[in-house]
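Okay, here's what each chain looks like letter by letter:
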Amino acid sequence: MGQGPVTQEVGSQESFASSTPSANSRDPFSAPESSAPRISAPVEFGDFDMRSLDLDSELLAAASVLDEEQVVVAPPKKKSMSGIGVLLFLGIYLLQGATVWIGYEVFSLHYLSPPPAKQKQEDTTEKTFAHIVKVGGLVQKNLWRRADIQLRQAMSETPKTHPMFVILKTRNTQISSEIVHLNAFEKAKRLVRADQWVRALGLIARIPRERYAYRAGQKLRAQIFRTKVKPLLRTIDLEIQARKFKSARRDIGRVLAYDPNLTAAVDLQQRLDKVDPEGARKANEVAKIKFGKGFKLFRRGKFKQAVAYFKKLESTSSGLIKRKAASYQLRAASFVNVLARGIKASRSGNHNRAVALLLRAHSISRSMGGSKSRYGRRLARSIYYKGKKASRRKKFGRAMRYYKRALTFASYGPARSAIRRLQRKARSLYKQALVLKGVDNRESRKLLRQVMRIMPSSSRLYRKARRNLR
């Protein structure tokens, strides 16, 4: 009951499935391999079969469309611009491009590329720098003459207004000086070979220490001493022994040209002066004339000029004259220094130091024949203050000696007044000693000794006090 339609529907599905070819069949139209009875589909179609037919019809319709020849339809064309519009558009575009191009050229002309003058200066700088490098290399190798040629070429190619011209000029000064002293050294060597070594010594002496030729010059100087000076010293000794005084003095002068202060030559000169007093007198007369000019300047109070004179005399003299000139120069310079310090101490009230310094200046001045006009009164004043200090300490004898010494340097009024006061005091003490004599001999003798300490031994009062002391 109620199973007829269901059975029919199942049977129809099975018949539809059996009628459908399997996936593994070789030919869809061949007979089935199984010999089982085939179930026929019923005449009536269900809903499922109707939907299948609809899908098949749609697929067939789509396939027919794909099989048809496809025709491509072009899009509709826009309306073309008129000729005048195109030309106007192109003109505006070209005008903008030309403006941009001109602006770039102007910018690059002013900012990106250097001006012609600046480019020329840069080229000159590069060339000059290359010359300087070459000159520096030649200088390091001490090839001074080649360096001079290279430098002159660089200076000829460099404008004087160029900043690097100053460097070239400085280099030129150095190299020119080196060449000058090299020439002097070469000339000195030729003079030595010609036995004119005294002239050669003058050339060697003018080569500065910082020049390249200096070391070679000093070697040549040492060679001159070994080969020329030492043999000549032995010759002078023999000439003095043979009483050939004139030739001995001439040869001593040659040796002193090598070294004006050479001890061996000065010793020979002193020995020659002893055995040849007449020649020494003539030599001393010349020296006195030379020294007299310096002493005259010193006596006139031109102390610095006197120092300069003796310094020049030392540089142009030799032997004993050179040594004496150096000594006088040192004395004059020392006097200037000591005098200035003594005056400063006197002004500041440091009288002990002032006296010590001014007494040293006085000693130097006496050895040079100078006067006391520059320092006498100031020295007397400082000595007076030392006496005044001693008097306050009741050391009247020392005070009297200071006052009297002050008057030896200048006529100083306060010192004279102080001496008179001490003399009155000494006379008063002497009178008191006479009154106490026989009454209090001990006190009387004490007072007499004070009188003798105050008064100098040459005074009459001193002698009286000494007699009464016995």
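Residues numbered from 1 in each chain as written. Predicted model: local features only at pLDDT ≥ 70, side-chain atom pairs only at ≥ 80, totals over all residues. Heavy atoms only, no water.

## Describing the overall build of the protein chain
The condition that has to hold: Only DSSP runs of H or I covering at least 4 residues are called helices, and only runs of E covering at least 2 are called strands; the numbering of each starts at the N terminus. Only protein chains enter the calculation, and the probe is 1.4 Å; a residue is then buried if its accessible area is under 20% of its type maximum, exposed if over 50%, and partly exposed in between. Only heavy atoms matter for contacts: two residues are in contact if any of them lie within 4.5 Å across the pair. Surface accessibility follows the Shrake-Rupley procedure with a 1.4 Å probe radius. Residue values consider only the protein chains on display as shielding.
Looking only at helices and strands, the protein chain has 19 helices and zero strands in total. When the 470 residues of the protein chain are sorted by exposure, 31% land in the buried category. For the protein chain, the proportion of contacts with a sequence separation of at least 24, taken over those separated by at least 6, is 55%. As presented, the protein chain carries roughly 32,900 Å² of accessible surface, and 56% of it is formed by carbon and sulfur atoms.

## With respect to the confidence of the model for the protein chain
Inclusion rule: Each residue gets a pLDDT score, which is the predictor's confidence in that residue and runs from 0 to 100.
When pLDDT is averaged along the protein chain, the result is 77, and 74% of the positions lie at 70 or above. Predicted confidence is poor over residues 65-74, with pLDDT under 50, and the contacts of this stretch with residues over four places away or in other chains come to one contact.

## What to know about the pattern of salt bridges
Selection rule: The salt bridge criterion pairs a side-chain nitrogen of Lys or Arg with a carboxyl oxygen of Asp or Glu, the two atoms within 4 Å.
A complete count under the given rule lists eight salt bridges for this structure. Notably, a salt bridge pairs Glu178 with Arg211, separated by 3.6 Å at the nearest N-O pair. With Glu178 in helix H6 (residues 165-193) and Arg211 in the loop between helix H7 (197-205) and helix H8 (213-241), this pair connects stretches of sequence that are 33 residues apart. The residues Glu178 and Arg211 share a single accessibility class, namely buried. Its salt-bridge partner being Glu186, residue Lys189 comes within 3.7 Å of it at the nearest N-O pair. Taken together, the residues span about one helical turn, with Lys189 and Glu186 both in helix H6 at a distance of three residues. Judged by relative accessible area, which is 32%, Glu186 ranks as partly exposed.

## A few points about empty space enclosed by the protein
Note the following rule: The distinction between a cavity and a pocket rests on a 1 Å grid over the protein atoms alone: a 1.4 Å probe fits inside a cavity but cannot get out, while a pocket stays open yet meets protein on both sides within 12 Å along at least five of seven lines, and a residue with an atom within 4 Å of a point counts as lining. Grid points are joined across faces, edges and corners, and a volume is the space filled by probe spheres set on the points. For this classification, Asp, Glu, Lys and Arg are treated as charged, while Ala, Val, Leu, Ile, Met, Phe, Trp, Tyr, Cys and Pro are nonpolar and the rest, including Gly, are polar.
Within this structure, the stated rule accounts for one cavity of 30 Å³ or more. In this model, the largest cavity occupies a volume close to 40 Å³. Lining the largest cavity are Phe298, Arg299, Gly301, Phe303, Ser365, Gly370, Ser371, Ser373 and Arg374. Tallied by class, residues from the lining of the largest cavity come to two nonpolar, five polar and two charged.

## Looking at unusual backbone geometry
Glycine aside, residues mostly have negative phi angles, and peptide bonds mostly take the trans form. Within the chain, Asp195 stands out as a residue other than glycine whose phi angle is a positive 65°. With respect to the helices and strands, Asp195 occurs in the loop between H6 and H7. Assessed through its relative accessible area of 45%, Asp195 is described here as partly exposed. Residues other than glycine seldom take positive phi values, yet Arg243 does so here, at roughly 60°. With respect to the helices and strands, Arg243 occurs in the loop between H8 and helix H9 (245-258). Residue class for Arg243 comes out exposed when judged on its relative accessible area of 56%.

## With respect to H9
Stated formally: Between the first and last residue of a helix there are one fewer steps than residues, each counted as 1.5 Å, and that sum is the expected span.
Between its first and last C-alpha atoms H9 spans 20 Å; for 14 residues at 1.5 Å apiece the expected length is 20 Å, and the two agree. Taken together, the buried positions of H9 are Phe245, Ser247, Ala248, Asp251, Ile252, Val255, Leu256 and Tyr258. Buried-residue contacts for H9 involve H7, H8, helix H10 (263-275) and helix H13 (319-347).

## Some remarks on the packing of aromatic side chains
Keep this limit in mind: Any pair of Phe, Tyr and Trp rings, taking the six-membered ring for Trp, is counted once the centres come within 6.5 Å. Such a pair is stacked with planes under 30 degrees apart, edge-to-face with planes over 60 apart, and tilted for the rest. Note on criteria: charge over ring means Lys NZ or Arg CZ within 6 Å of the ring centre, with the direction from the centre no more than 35 degrees off the ring normal.
On inspection of all chains with the given rule, the structure shows 14 aromatic pairs. Geometry around Tyr258 places Arg221 over its ring, the cationic atom sitting 4.2 Å from the centre. One residue, Lys425, lies across the ring of Phe396, its end atom 4.9 Å from the ring centre.

## Observations regarding the side chain of His181
Where we set the bar: Identification of polar contacts relies on pairs of N or O atoms within 3.5 Å, with a donor-acceptor requirement for protein atoms, meaning one able to donate a hydrogen and the other able to accept it, and with residues adjacent in sequence counted only if both atoms are side-chain atoms.
In this structure, His181 sits in helix H6. Overall, His181 belongs to the buried group, its relative accessible area being 14%. A polar side-chain atom of His181 sits 2.8 Å from the main-chain carbonyl oxygen of Ser177. The residues contacting His181, other than those within four sequence positions of it, are Arg206, Ile207, Pro208, Arg211 and Ala213.

## Comments concerning the packing of helix H17 (residues 413-436) against helix H19 (residues 460-469)
Where we set the bar: Note on geometry: axes are lines fitted to C-alpha atoms, helical ones only across the stretch in contact, with angles between N-to-C directions running from 0 to 180 degrees. Oblique is the label for any angle not under 35 degrees, not over 145, and not in the 65 to 115 range, which are roughly parallel, roughly antiparallel and roughly perpendicular in turn. The handedness criterion is simple: a crossing whose near helix is rotated anticlockwise from the far helix by less than a right angle is left-handed, and one whose near helix is rotated clockwise is right-handed.
Where H17 contacts H19, the axes come no closer than 11 Å and their chain directions differ by 20°. Classified by the angle their axes make, H17 and H19 are roughly parallel. Both H17 and H19 take part in a crossing whose hand is left-handed. For the pair formed by H17 and H19, the contact residues are Ala426, Arg427, Tyr430 and Leu434 on the first element and Leu461, Lys464, Ala465 and Asn468 on the second. Residues of the contact of H17 with H19, tallied by class, amount to five nonpolar, one polar and two charged.

## Points about helix H5 (residues 144-157)
Taking 1.5 Å of rise per residue, the 14 residues of H5 would be expected to cover 20 Å, and the 20 Å separating its terminal C-alpha atoms lies within 8% of that figure. All of the buried residues along H5 are Trp144, Ala147, Asp148, Gln150, Leu151 and Ala154.

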